[in-house]
Amino acid sequence: MNQKYEKIFQPYIFPSGVEVKNRIMMAPMTTYSSDDQGVVTDDELAYYAERSAGVGAVVTACAYVSAGGKGFPGQLGADDDFFIPSLRKLAETIQSNGSKAILQIYHGGRQSPPELLPDNQPVSASAIASSEEAPVPREMNEDEIQDVIKAFGEATRRAIEAGFDGVEIHGANTYLLQQFFSPHSNRRTDKWGGTLGKRLIFPLTIVNEVERTVAEHAEKPFIIGYRLSPEEGSNPGITLDDTIQFVDRLANQNLDYLHISVGHFWNGSFRESDRTKSRIVKIYDKVGNRIPVVGVGSLHTPDEVAEAMETGVPFIALGRELLMEPHWIEKIRSGKEAEIRTTLSKKDQDELVIPDPLWEKLIGIKGWLPVVE
């Protein structure tokens, strides 16, 4: 192995005490490949098995914590004890290759397609649609808010009972937790909205509920991560200054990491005056001495990952890179980094062990992956 990649392979101990074998995490990516009930399928297990041998940890595709928050066809379920055996299969598949298994837990809010919901009615912080074409969600009442908070705790308990090493709370990508944080989707005038401080109460309460559940049920160290998007393009929308204040609060929680969801690690703000400095680095500079920060975004080669880690960011998540090259880590370790795929060939589905529903999405989304004939 080339010496300049040594830091990538250094073990890391999270604040909870969980140790991972290296600094690379598989980023959460929707697979669309569970069955109609939300049970993990054999094709999905094979997909994870192919990608989990090298990385230190795998964050799964998002699992819905309540039926009213399902966001995708073929999504993994975690809203009932019925799913514990399914979740156990997934955790064991990832762990059998020496990686830590982290279940991402999720509620889609107003982004949930009505046809996937029991009552065909998305809910959110306020009755504000995400666009003119999107359905108008129902504003959640107090009982519904409390039910969702409890649902995140119950999904965490199921992850513990299924043998996962941790959970990642999905507070990014415009889903429900971000909808409460955002001034665009949260126009409430009660304790759950209005000022920035009030808009933070819902996601922070969910963090507290997850932490309480782990303290009550986990018999060994258990990872709790939080994923967030640092900005929104809408006006009003989340600003980077809002996020800096939010991560300052999150850094006071008993979290193991903050996972910053951006398209490119080095991209600066698209709505602030300083557009040159990486938003991930800005967040790391603010709280990196108090909580680990996970960077992500268009870091395809080991040289690009090593350069990103020179900022001090201790952990890097790879998504598209592991779709195109499941053995990214192994090839670097064996000195074969020149053989890492950086394009997706339409002929390589079987070799890459990608389930049909996910493959159809990857081939159909223009520009997300470099697809070649």
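In this text, all values refer to a predicted model and were calculated from it rather than measured experimentally.

## Digging into the UniProt feature "domain: NADH:flavin oxidoreductase/NADH oxidase N-terminal" (unreviewed entry) in the chain
Inference 1: Look at the UniProt record and you will see "domain: NADH:flavin oxidoreductase/NADH oxidase N-terminal" (unreviewed entry) annotated at residues 7-338.
Inference 2: What you have in residues 7-338 is 33% helix and 15% strand, and the ends, taken at the C-alpha atoms, are 19 Å apart.

## Things to note about helix α9 (residues 302-309)
Inference 1: For α9, every residue scored as buried is listed here: Pro 302, Val 305, Ala 306, Ala 308 and Met 309. Looking down the long axis of α9, one finds its buried residues gathered within 160° of arc, a one-sided arrangement.
Inference 2: Next to the buried residues of α9 lie β3 (24-26), β14 (315-318) and α11 (328-333).

## Here's the deal with the side chain of Lys 70
Inference 1: Along the polypeptide, Lys 70 turns up in the loop between β5 (63-64) and β6 (76-77).
Inference 2: Buried and without a salt bridge, Lys 70 has Asp 36 as its closest oppositely charged side chain, separated by 6.6 Å.

## A look at helix α7 (residues 240-250)
Inference 1: Among the residues of α7, Leu 240, Asp 242, Thr 243, Ile 244, Phe 246, Val 247 and Leu 250 are the ones counted as buried.
Inference 2: Where the residues of α7 are buried, they touch α4 (176-181), α5 (196-199), α6 (201-217), β11 (223-228), β12 (257-260) and α8 (279-287).

## Overview of unusual backbone geometry
Inference 1: With an omega dihedral of 5°, the bond running from Asn 235 to Pro 236 counts as a cis peptide bond.
Inference 2: Among the structural elements, Pro 236 can be located in the loop between β11 and α7.
Inference 3: One non-glycine residue, Tyr 32, lies in the positive phi region at around 60°.
Inference 4: Within the secondary structure layout, Tyr 32 lies in the loop between β3 and α1 (42-51).
Inference 5: Not every positive phi belongs to a glycine, and Val 353 is a case in point at roughly 55°.
Inference 6: Relative to the helices and strands, Val 353 resides in the loop between α12 (349-352) and α13 (356-364).

## Quick notes on the environment of Tyr 284
Inference 1: When you line up the elements, Tyr 284 lands in helix α8.
Inference 2: Remark: the alpha-carbon pair of Tyr 284 and Thr 311, spanning 27 residues in sequence, is separated by 8.7 Å.
Inference 3: Leave out the neighbours within four places in its chain, and Tyr 284 touches Asn 289, Val 293, Thr 311, Gly 312, Val 313 and Pro 314.

## Comments concerning a negative patch on the surface
Inference 1: There is a patch of like negative charges on the surface, built from Asp 42, Asp 43, Asp 350, Asp 356 and Glu 360.
Inference 2: Elements with a contribution of two residues or more to the negative patch: α1 and α13.
Inference 3: You can see Asp 43 is positioned in helix α1.

## Focus: the pairing of β12
Inference 1: Side-chain alternation along β12 places Tyr 257 and His 259 on one buried face and Leu 258 and Ile 260 on a second face that is also buried.
Inference 2: Two strands pair when backbone bridges link them, and β11 and β12 are joined in this way by four bridges, in the parallel orientation. Along β12, the bridge assignment pairs Tyr 226 with Leu 258.
Inference 3: As for the winding sense of the linkage, the β-α-β connection from β11 through α7 to β12 is right-handed.
Inference 4: By the bridge criterion, two bridges tie β12 to strand β13 (residues 293-296) in an arrangement that is parallel. Looking at β13, one finds that His 259 is bridged to Val 294.
Inference 5: Crossover connection from β12 via α8 to parallel β13: handedness right-handed.

Criteria and thresholds
Residues numbered from 1 in each chain as written. Predicted model: local features only at pLDDT ≥ 70, side-chain atom pairs only at ≥ 80, totals over all residues. Heavy atoms only, no water. UniProt positions renumbered as here; feature names shortened; annotations may be inferred. Helix = DSSP H or I, 4+ residues; strand = E, 2+ residues; numbered from the N terminus. Buried < 20%, exposed > 50% of the residue type's maximum accessible area, 1.4 Å probe, protein only. Arc of directions from axis to C-beta. Contact = heavy atoms within 4.5 Å. Lys, Arg positive; Asp, Glu negative; His and termini not counted. Salt bridge = Lys/Arg side-chain N within 4 Å of Asp/Glu carboxyl O. Patch = residues over 30% accessible without salt bridge, like charges linked within 9 Å, V, L, I, M, F, W, Y side chains within 5 Å. Areas by Shrake-Rupley, 256 points an atom, 1.4 Å probe, with all protein chains shown as cover. Charge placed at Lys NZ, Arg CZ, Asp CG, Glu CD. Pairing = 2+ DSSP bridges. Right-handed = clockwise from strand over helix to strand, strands pointing away.

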